[in-house]
Amino acid sequence: MDNKNFVNVNFDKKPLKRVIIAVVIILLIIVLGVSCVTVVRPGHTGVVVNLGKVSQNVLEEGLHFKAPFISQVIQVDNRVMKTEVQSNAASKDLQNIDSTVSVNYRVNKSASAEIYKNVGNDFTNVIVNPAIQECVKSIAAKYTAEQLITNRAAVSSEMEEAISEKINPYGMSIEVFNIVNFDFSEEFNKAIEAKQTAQQEALKAEQDLARIKVEAEQTIEKAKAEAEAYKLKNEQLTDTVIMMEFINKWNGELPKVTSDSGMMFDVSSYIGASAGNKTDSAQKTGE
């Protein structure tokens, strides 16, 4: 009885083993199938590594097949990435400058395999940021602190060009470059403010001087015009004109003159008497 039960138990275990083996085979097939397929995400390229050796064949976005357990696909981000770097530099006139520079850049798809082989995926900290630090310092040293402010566009272009020369050989390119800010020492800021104030005061004084000169010239021209007009009037003022003006304004009465003795003389009578004497004298002369 016991032997029969023992045989039955052994007989019942065989289907269970078959199920386990089937499940294991299915799992192995699934794992094998998954390891044969890879999906490259949008904006990325797939760098194929075969037993530790980087292949120059780069996979584009989408579904791809690869050798299971032998090939590994490393995804490299080719989208536009941004890095912002703060650096301390010295200007040509030895002014201390704290700057913040923002760079938008990307890894070229054709260079994905090479950059992964030589640098890895941490290319931002290995290549880009150090290049920005060096270029900002070298370009800032070529300009005075004031020139860095007044020639900001030229400084920005020169920095972008210098950074591009550093990272382009690695297969990276700059999309957008911006100087976020330039911060100077408090002493320099005060000096700049004082200079601006002095320039504004000098400009105001220059404008006031110009205004005074214009007003003086206007006064001189006005005086010249008045003198010229007065001269013309004098040239036109003859005895006839004076007499005519006198006649036009005369009220018909001659003035009376008071002598030293207080006696009043009628000038008109005097003029008439004088005229009569002159007539008598003329008659006598005629005789």
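Note that the coordinates shown come from a computational prediction; the quantities given were computed from them, not determined experimentally.

## Thoughts on the overall build of the protein chain
So, point 1. For the protein chain, the count of helices and strands is eight helices and 10 strands.
So, point 2. Counting the 287 residues in the protein chain, one finds 25% classified as buried.
So, point 3. Of the contacts made within the protein chain by residues no fewer than 6 positions apart, 65% connect residues no fewer than 24 positions apart.
So, point 4. Summed over its atoms, the accessible surface of the protein chain is roughly 20500 Å², and 57% of this surface lies on carbon and sulfur atoms.

## Things to note about the nonpolar core
For soluble globular proteins, nonpolar side chains are generally found buried alongside one another.
So, point 1. By size, the foremost hydrophobic cluster in this structure holds 39 residues, and its most contacted members are F123, I132, V155, M159, M172, F177 and F182.
So, point 2. In terms of residue count, helix α3 (residues 123-140) provides more of this core than any other element does, nine residues in total.
So, point 3. When near neighbours in sequence (up to four residues on either side) are disregarded, I132 contacts T83, V85, V101, V103 and I163.

## Some details on the packing of aromatic side chains
So, point 1. Enumeration according to the criterion identifies one aromatic pair in this entry.
So, point 2. Considering the side-chain rings of F182 and F184, the 6.4 Å spacing of their centres and the 50° angle between planes classify their relative orientation as tilted. We note that F182, like F184, is buried.

## Points about unusual backbone geometry
So, point 1. Although it is not a glycine, L51 adopts a positive phi angle of roughly 50°.
So, point 2. By relative accessible area, which is 69% here, L51 ends up exposed.

## Overview of the confidence of the model for the protein chain
Regions with low pLDDT should not have their predicted coordinates read in detail.
So, point 1. Predicted confidence across the protein chain gives a mean pLDDT of 78, with 72% of residues reaching 70 or more.
So, point 2. Throughout residues 1-7 the model reports pLDDT below 50, and contacts reaching past four residues in sequence, or to other chains, amount to zero contacts.

## Notes on the sheet that holds strand β3 (residues 53-59)
So, point 1. The sheet built from three strands is open, its strands ordered β3-β2-β5 with antiparallel pairing. Two strands lie at the open edges of the sheet, namely β3 and β5 (71-77), each paired on one side alone. Mean inter-strand twist for the sheet, computed between neighbouring axes without regard to direction, equals 30°.
So, point 2. Relative to β5, strand β2 (residues 44-50) runs antiparallel, the two being bridged by seven bridges. Looking at β5, one finds that T45 is bridged to V76.

## Things to note about the side chain of S55
So, point 1. Tracing the sequence through the fold places S55 in strand β3.
So, point 2. S55 gets classed as buried once you look at its relative accessible area, which sits at 16%.
So, point 3. Aside from chain neighbours lying at most four places away, what touches S55 is V47, V48, N50 and A113.

## As for helix α5 (residues 152-167)
Because each turn of an α-helix spans 3.6 residues, side chains separated by three or four positions end up pointing in the same direction.
So, point 1. Here α5 contains 16 residues, and its C-alpha end-to-end distance of 23 Å stays within 8% of the 22 Å for a straight helix at 1.5 Å per residue.
So, point 2. Those residues of α5 lying buried are V155, S156, M159, A162, I163, S164 and I167.
So, point 3. Each element contacted by the buried residues of α5 is listed here: α3, α4 (145-150) and β8 (172-184).

## Some remarks on the packing of α3 against α5
So, point 1. One can describe the packing of α3 onto α5 by two numbers: an axis separation of 9 Å at closest approach and a directional angle of 140°. When the interaxial angle is binned, α3 and α5 end up oblique. Crossing geometry of α3 relative to α5 is assigned as right-handed. Contacts between α3 and α5 involve I127, V128, A131, I132, E134, C135, V136, I139 and A140 on the former and, on the latter, V155, E158, M159, A162, I163, K166 and I167.
So, point 2. When its residues are assigned to classes, the contact of α3 with α5 shows 13 nonpolar, no polar and three charged.

Cut-offs used in this document
- The numbers attached to residues start from 1 for each chain and follow its sequence in the written order.
- Restriction of local features to residues with pLDDT of at least 70 applies here, the model being predicted, together with a cutoff of 80 or more for giving and counting side-chain atom pairs; totals for whole chains, interfaces and linings are based on all residues.
- To obtain the side-chain values, all non-hydrogen atoms of the structure were used and water was disregarded.
- A run of H or I in DSSP counts as a helix once it spans at least four residues, and a run of E counts as a strand once it spans at least two, with each numbered from the N terminus.
- Burial status follows relative accessibility: with a 1.4 Å probe on protein chains alone, a residue under 20% of its type maximum counts as buried, one over 50% as exposed, and anything between as partly exposed.
- Residue contacts are counted whenever heavy atoms from the two residues lie within 4.5 Å of one another.
- Accessible surface area values rest on a Shrake-Rupley calculation with a 1.4 Å probe, where residue burial reflects the displayed protein chains alone.
- Only buried residues count toward a nonpolar core. Its members are Ala, Val, Leu, Ile, Met, Phe, Trp, Tyr and Cys residues joined through side-chain atoms within 4.5 Å.
- In this analysis, rings of Phe, Tyr and Trp, with Trp reduced to its six-membered ring, are considered paired at centre separations within 6.5 Å, and the interplanar angle assigns stacked below 30 degrees, edge-to-face beyond 60, and tilted for intermediate values.
- Per residue, pLDDT captures the predictor's confidence, and it can take any value from 0 to 100.
- Pairs of strands are assigned from DSSP output, requiring at least two bridges between the strands.
- Axis definition: a line fitted to C-alpha atoms, limited for helices to the stretch in contact. Angles are taken between N-to-C directions and run from 0 to 180 degrees.
- Multiplying 1.5 Å by the helix residue count minus one yields the expected span of that helix.
- Throughout, the term roughly parallel applies to angles under 35 degrees, roughly antiparallel to angles over 145, roughly perpendicular to angles from 65 to 115, and oblique to all others.
- Crossing handedness is read from the near helix: turned anticlockwise from the far helix by less than a right angle, it gives a left-handed crossing, and turned clockwise, a right-handed one.
- Under the grouping applied here, Gly and all other residues not named as nonpolar or charged are polar, the nonpolar ones being Ala, Val, Leu, Ile, Met, Phe, Trp, Tyr, Cys and Pro and the charged ones Asp, Glu, Lys and Arg.

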